[in-house]
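# Residue-level structure breakdown
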Amino acid sequence: MAQDDIAEAAVTVLLSPEEHAGATYDLTGPEALTLDEVAATLTRATGRTITYRPETAEEAYASRAVYDAPAWQVEAWVSTYLAIATGELEGVSGDVPALTGHPATSLEELLARRSMGAGE
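In this report, we go over the structure that sits alongside the text. Computed from a prediction, not measured in an experiment: that's the story for all the values here.

Pairs of aromatic rings are described using the distance from one ring centre to the other and the angle between the two planes. Within this structure, the stated rule accounts for two aromatic pairs. On the numbers, 6.5 Å between centres and 55 degrees between planes, the contact of Tyr52 with Tyr81 is tilted. One end of the pair, Tyr52, is in the loop between helix 3 (35-46) and helix 4 (57-65); the other, Tyr81, is in helix 5 (residues 71-85), with 29 residues separating them in the sequence. You can call Tyr81 buried: its relative accessible area is 9%. Pairing Tyr67 with Trp77 gives two aromatic rings, centres 5.8 Å apart and planes at 80 degrees, and the pair type is edge-to-face. Residue Tyr67 is found in the loop between helix 4 and helix 5, and its partner Trp77 is found in helix 5; the two are separated by ten residues along the sequence. Here Arg64 stacks its cationic end above the ring of Tyr81, 5.1 Å away from the centre of that ring.

Here the focus is unusual backbone geometry. With a phi close to 55 degrees, Asp68 is a non-glycine residue in the positive phi region. Tracing the chain through its elements places Asp68 in the loop between helix 4 and helix 5. When its relative accessible area of 71% is taken as the criterion, Asp68 is described as exposed.

Okay, the layout of surface pockets next. In this approach a probe as big as a water molecule rolls over the atoms, and the regions it shows empty are the leftover space. Considering only enclosed or pocket space, the largest pocket measures out at about 580 Å³ in volume. Around the largest pocket, the lining is made up of 26 residues, and of these Glu31, Ala32, Leu33, Val38 and Leu89 lie nearest the centre. When contributions to the lining of the largest pocket are tallied by element, the ones reaching two or more residues are helix 3, helix 5 and helix 7 (107-117). For the lining of the largest pocket, a count of residues per class yields 15 nonpolar, eight polar and three charged.

With six residues, the main nonpolar core is built from Leu35, Ala60, Ala69, Val74, Val78 and Tyr81. When residues in this core are grouped by element, the largest group, three residues, is from helix 5. Beyond its immediate chain neighbours, meaning those up to four positions away, Ala60 contacts Glu55, Val78 and Tyr81.

Turning to the pattern of salt bridges, a few remarks are in order. It is possible for side chains of opposite charge to pair when their charged atoms get near one another. For the coordinates displayed, the defined rule picks out four salt bridges. The shortest N-O distance in the salt bridge between Arg53 and Glu59 comes to 3.9 Å. When its relative accessible area of 54% is taken as the criterion, Arg53 is described as exposed. The class for Glu59 is partly exposed, based on a relative accessible area of 35%. Here Glu55 makes a salt bridge to Arg64, at a shortest N to O gap of 2.7 Å. You'll find Glu55 and Arg64 in the same group, each marked buried.

Cut-off values and rules
- Residues numbered from 1 in each chain as written.
- Predicted model: local features only at pLDDT ≥ 70, side-chain atom pairs only at ≥ 80, totals over all residues.
- Heavy atoms only, no water.
- Phe/Tyr/Trp six-rings, centres within 6.5 Å; stacked < 30°, edge-to-face > 60°.
- Helix = DSSP H or I, 4+ residues; strand = E, 2+ residues; numbered from the N terminus.
- Buried < 20%, exposed > 50% of the residue type's maximum accessible area, 1.4 Å probe, protein only.
- Lys NZ or Arg CZ within 6 Å of the ring centre and 35° of its normal.
- 1 Å grid on protein atoms, 1.4 Å probe; cavity = no way out; pocket = protein on both sides within 12 Å on 5 of 7 lines; lining within 4 Å.
- Points joined across faces, edges and corners; volume = space filled by probe spheres on them.
- Nonpolar A, V, L, I, M, F, W, Y, C, P; charged D, E, K, R; others polar.
- Core = buried A, V, L, I, M, F, W, Y, C linked by side-chain atoms within 4.5 Å.
- Contact = heavy atoms within 4.5 Å.
- Salt bridge = Lys/Arg side-chain N within 4 Å of Asp/Glu carboxyl O.

None of the figures reported here should be taken as evidence of function without further support.
Next comes the structure, spelled out in structure tokens:
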């Protein structure tokens, strides 16, 4: 999910709060990607081979332990990773286009935008 899309959706709501009173929005990107698909997209964007290697929960905790982060943060990282890996976060909503008037930004578009701005 692109931060620009989140910000633009928030501005829409903040400019007309009465129209959105009590509403809940599910802001997502335009497609659900597997972690293998994310790796392939990153490979295309960077020109470097990037691969995804599935981890067990134990491996996930161990690989994140090196960051010396607080336990709650490690738990959040691992639970998010596991939810993505098991497909629990596959839902895609139309809320970003409905709020902003344009399609949500894809990962590929976001990476292209970032690489174009990298030299600035």
